[in-house]
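Chain by chain, the residues run as shown.
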Amino acid sequence: MSNNSNSINVPEARNAMEQFKMECANEVGVNLKQGYNGDLTSRQAGSVGGHMVKKMIEAYERSM
């Protein structure tokens, strides 16, 4: 079993999560591309991840 925290728990969701990540990157103004994005700063990468979490929490709260 992998200890990679970036693994997808539901393999069928991989494409949807990739699309969601690209949408969030676009919304925060980060030029994210398919594949390697090692040229991003930590701040840029963190803003994408933070925006993803924010949107997931908002979606969950709306479903309550």
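Everything here concerns the structure above.
Note that the coordinates shown come from a computational prediction; the quantities given were computed from them, not determined experimentally.

### Side note on the overall build of the protein chain
At step 1: In terms of helices and strands, the protein chain carries two helices and zero strands.
At step 2: Seen through its C-alpha atoms, the protein chain measures out along the principal axes to roughly 40 × 30 × 20 Å.
At step 3: Relative to its full complement of 64 residues, the protein chain shows a buried share of 16%.
At step 4: Working note: accessible area of the protein chain is about 5300 Å², and carbon and sulfur atoms make up 52% of it.

### Regarding the packing of helix 1 (residues 14–27) against helix 2 (residues 42–63)
At step 1: Where helix 1 meets helix 2, the axes come as close as 9 Å, and the angle between the chain directions of the two elements is 110°. In terms of their interaxial angle, helix 1 and helix 2 are classed as roughly perpendicular. Seen along the crossing, helix 1 lies across helix 2 with a hand that is right-handed. Counting all contacts with helix 1, which are made through Met17, Phe20, Lys21, Cys24, Ala25 and Glu27, the residues of helix 2 involved are Val48, His51, Met52, Lys55 and Met56.

Here is what the cut-offs are and how they apply
Residues numbered from 1 in each chain as written. Predicted model: local features only at pLDDT ≥ 70, side-chain atom pairs only at ≥ 80, totals over all residues. Heavy atoms only, no water. Helix = DSSP H or I, 4+ residues; strand = E, 2+ residues; numbered from the N terminus. Buried < 20%, exposed > 50% of the residue type's maximum accessible area, 1.4 Å probe, protein only. Areas by Shrake-Rupley, 256 points an atom, 1.4 Å probe, with all protein chains shown as cover. Axes fitted to C-alpha atoms, helices over the stretch in contact; angles between N-to-C directions. Parallel < 35°, antiparallel > 145°, perpendicular 65-115°, else oblique. Left-handed = near helix turned anticlockwise from the far one by under 90°. Contact = heavy atoms within 4.5 Å.

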